[in-house]
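# Reading the structure
Chain by chain, the residues:
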Amino acid sequence: MTTVEDFRADLTSKEKACLQWCREGKTNWEIGEILSISEKTVEFHLGNAMRKLGAANRISAVITGIRRGLIGLR
């Protein structure tokens, strides 16, 4: 039987990068500066990642991403 935990969402490289910087506590503005994209684009990528992971917010998206092996602890 497949559980939700077995599901691995297909995140884009930008979605993963945004989640990794969220893990570090960066704001959308800071992530945009680091990745050379706009704050709105960061919001777009994080929103997509949250939707794909079934997460209600950034923190739960980061935790889910770590649990599923999509992003590392460090």
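Residues numbered from 1 in each chain as written. Predicted model: local features only at pLDDT ≥ 70, side-chain atom pairs only at ≥ 80, totals over all residues. Heavy atoms only, no water.

This next bit is on unusual backbone geometry. Leave glycine aside and you will find that most residues have negative phi; peptide bonds, for their part, are mostly trans. Here the phi dihedral of S36 falls at roughly 60 degrees; this positive angle occurs in a residue that is not glycine. Assignment of secondary structure puts S36 in the loop between α2 (28-35) and α3 (39-53). Owing to a relative accessible area of 67%, S36 belongs among the exposed residues under this scheme. (Helix = DSSP H or I, 4+ residues; strand = E, 2+ residues; numbered from the N terminus. Buried < 20%, exposed > 50% of the residue type's maximum accessible area, 1.4 Å probe, protein only.)

With their axes 9 Å apart at the nearest point, α3 and helix α4 (residues 58-67) run at an angle of 60 degrees to one another. Relative to α4, α3 is oriented oblique. Crossing of α3 over α4 shows left-handed handedness. Mapping the contact onto sequence places L46, M50 and L53 in α3 and R58, A61, T64 and G65 in α4. Residues that form the contact of α3 with α4 fall into these classes: four nonpolar, two polar and one charged. (Axes fitted to C-alpha atoms, helices over the stretch in contact; angles between N-to-C directions. Parallel < 35°, antiparallel > 145°, perpendicular 65-115°, else oblique. Left-handed = near helix turned anticlockwise from the far one by under 90°. Contact = heavy atoms within 4.5 Å. Nonpolar A, V, L, I, M, F, W, Y, C, P; charged D, E, K, R; others polar.)

Taken as a whole and assessed by the stated rule, the structure comprises four salt bridges. Note that E24 is salt-bridged to R74, the shortest N-O span being 2.9 Å. You can see E24 sitting in the loop between α1 (13-23) and α2 and its partner R74 sitting in the segment after α4, a full 50 residues away along the chain. Under the relative-accessibility criterion, R74 is labelled exposed at 79%. Two residues, K40 and E43, come together in a salt bridge whose shortest N-O distance is 3.6 Å. Placement of both K40 and E43 in helix α3 is noted, with a separation of three residues, approximately one turn of the helix. For E43, a relative accessible area of 34% gives the class partly exposed. Here the salt bridges do not stand alone but share partners, grouping R23, E24 and R74 into one network. (Salt bridge = Lys/Arg side-chain N within 4 Å of Asp/Glu carboxyl O.)

Function-wise, these values are silent; they only describe arrangement.
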